[in-house]
Amino acid sequence: MSTKIPCHMAFFLFYHYSMAILKIDELTYRLPNGRALYQDFSLELDSSAGLLIYGPTGSGKSSLVKILLGLTRHYRGRVEILGKELKRLSKAKTTELRRSIGFQMEEPVVFEEMNLMQNISVYLNLSRQKHAKSEIISTLYENGFSGLRNKRLSALSWGEIRMIEALRILMKSPRLIICDQPFAALDDDTMEWLASKFRAMINSGSAVLATFSRPEVRDHLDWPEIDLTR
Amino acid sequence: MFNQCLGFLNKYKLLILKSALPLSLILLIGFAFLLVGYNLQEAAHGIEGRYALEIFLKDEALPEDIDSLRAFMVQQPACDKLETVTREDALRRMSNILGEDLTEVLGYNPLPVSLIFYPIDSYKNRTYLEILKSQVEKFEYVEKGVFAGEWLEELENFNDIFVRITTAFLILVLIAYILLLYMILNHLWLKHQGTAGKLHLLGMSRFNLRLPVYIWALISSVFTSILGLVILAVAASIVSENFIELQYFEPRHVFAIIISFTAISVLLTIFKPMKIPSYE
């Protein structure tokens, strides 16, 4: 038996899934000291696609991520995320938007005094997602973290924390993922593990944008690349 | 949200308890002054009734004399009430005070007839009563007039001064309370700020981040006010038992005190800018 979708719903679904998940149009951003980081910079990212942004230190990778997360608003141009223009959103709406996407900052955003389970639970609660405890435990088990689930994050290594950040994004399965240097300070095996997670996210329909400064990242991900080097 | 508040309060329970003690002590000092002022005012209300001139008549005074004196007193524009105390009434009152019948001891009733003159409020002062006293003492069947005005006015003046001092002191206590609460709030927020920044970055609204602090202010102020009032009640009962009888606040006063301090604390928390790190 086939299910008929009403016309207006079909149009909504078509519009919702056909539009670019992330769209930057003629972005110009200057640092407070007047140095221009980008001049009329544009890009578009659709669902089930990955994009790498390469650049050495000071090229503006982190600034771009902050702009995309709505943390920096002093720019010219148009930035659209999930069909919403960032500059038109109020602070509360920007926070709401951030809640709906997945992201990694240059420094981990975790709660060191909480254990692994609590960290993931808080993160998923903030994203308004309900996951059974058993579901979290099973994900941790599948990825070799079951022994660490009651450990405080202050007792874990940098690499482990970055992996946990990736895992919680994976559990959230957002439509857009923005990561600032997720491969920084990771060994080769961990880089491959993380790359495989990014590929899994893309296969499940997410769009992923990741910045990097280490050329070895290209050995793990063969995504289109934008170079911010001047 | 509720769990988050509980978690926050649980996390900072030691700090909350440590902050409750100095806040309660500050409030205790203020409340103690308030209680003394309240007792003085209550005492002054009791004393107001004693702004009266009691005129004792000689034993040989005839009923017509009493009537003519009554007529003279009632004609006074300041007259609010005039009470006649017969020899029997006076004896009953005295016996009640002494706990034994005077006639049994002395064999006769030595107390004279008296009239008690109560002036209206605007004439409740020493000067008027002294003038009136000198006028009635001119009647030949009047023994003497008596009133407690000599010390009443001084007590009232002292009471007025004390109320002013108490008000000034309460303002100082309130300032000290607000400053201490502000410092504790700053300390609490500085501890919470890093976590608040991360939570905000991950999508928690600013209101939800500040809510636990508002709840802390609410619980803390109710708790400290009650603690201050309980310590004062214990102290007041000890003073009442051993030194001088003190009247404690009425329930409505206790309620008003708790509500006022809670309102001050919560308003202070709401107007305190709690900055959330922006990660910009």
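What counts, and at which threshold
Residues numbered from 1 in each chain as written. Chains lettered and ligands numbered in written order. Predicted model: local features only at pLDDT ≥ 70, side-chain atom pairs only at ≥ 80, totals over all residues. Heavy atoms only, no water. Salt bridge = Lys/Arg side-chain N within 4 Å of Asp/Glu carboxyl O. Helix = DSSP H or I, 4+ residues; strand = E, 2+ residues; numbered from the N terminus. Buried < 20%, exposed > 50% of the residue type's maximum accessible area, 1.4 Å probe, protein only. Arc of directions from axis to C-beta. Contact = heavy atoms within 4.5 Å. Phe/Tyr/Trp six-rings, centres within 6.5 Å; stacked < 30°, edge-to-face > 60°. Lys NZ or Arg CZ within 6 Å of the ring centre and 35° of its normal.

(A) A look at the pattern of salt bridges. Following the criterion strictly, the structure yields 14 salt bridges over all chains and no others. Of the charged contacts, one joins Arg93(B) and Glu83(B) as a salt bridge, the two residues approaching to 2.7 Å between their closest N and O atoms. With Arg93(B) in helix H4 (residues 87-98) and Glu83(B) in strand S2 (residues 79-85), the pair connects residues that are 10 residues apart, well separated along the chain. A relative accessible area of 38% places Arg93(B) in the partly exposed class. Residue classification places Glu83(B) among the partly exposed residues on the basis of a relative accessible area of 23%. Each of Arg78(A), Glu80(A), Glu85(A) and Arg88(A) takes part in a single network of salt bridges with overlapping partners.

(B) Spotlight on helix H5 (residues 133-142) of chain A. Residues and elements named next belong to chain A. Restricting attention to buried positions, one finds in H5 the residues Ile136, Thr139 and Leu140. Axial view of H5: buried residues confined to an arc of 100°, hence all on one face. More than 90 degrees from the buried face of H5, the exposed residues found are Ser134, Tyr141 and Glu142. Where H5 is buried, its residues meet helix H4 (116-126) and helix H6 (158-172). With its phi angle positive at about 75°, glycine 144 sits one or two positions after the end of H5.

(C) Local environment of unusual backbone geometry. Residue and element names in this part refer to chain A. A positive phi angle, close to 50°, is found at leucine 82, a residue other than glycine. Here leucine 82 lies in the loop between strand S4 (75-81) and strand S5 (84-85). Phi at alanine 185 takes a positive value of approximately 60°, unusual for a residue other than glycine.

(D) Region of interest: the packing of aromatic side chains. Applying the stated criterion to the full structure yields 15 aromatic pairs over all chains. Aromatic pair Tyr177(B) and Phe261(B): ring centres 5.2 Å apart, planes at 90°, arrangement edge-to-face. Here Phe261(B) lies in helix H9 (residues 251-271) and Tyr177(B) lies in helix H7 (residues 149-201), a separation of 84 residues in the sequence. In this structure Tyr177(B) comes out as buried when scored by relative accessible area, which is 0%. The class of Phe261(B) is buried, set by a relative accessible area of 10%. Members of the aromatic cluster, each reached through a chain of ring pairs, are Tyr29(A), Tyr38(A) and Phe41(A). One cation-aromatic arrangement involves Lys87(A) over Tyr75(A); the distance from NZ or CZ to the ring centre is 4.6 Å. Positioned above the aromatic ring of Tyr54(A), the side-chain terminus of Arg218(A) is 4.7 Å from the ring centre.

In short, geometric facts, not functional conclusions.
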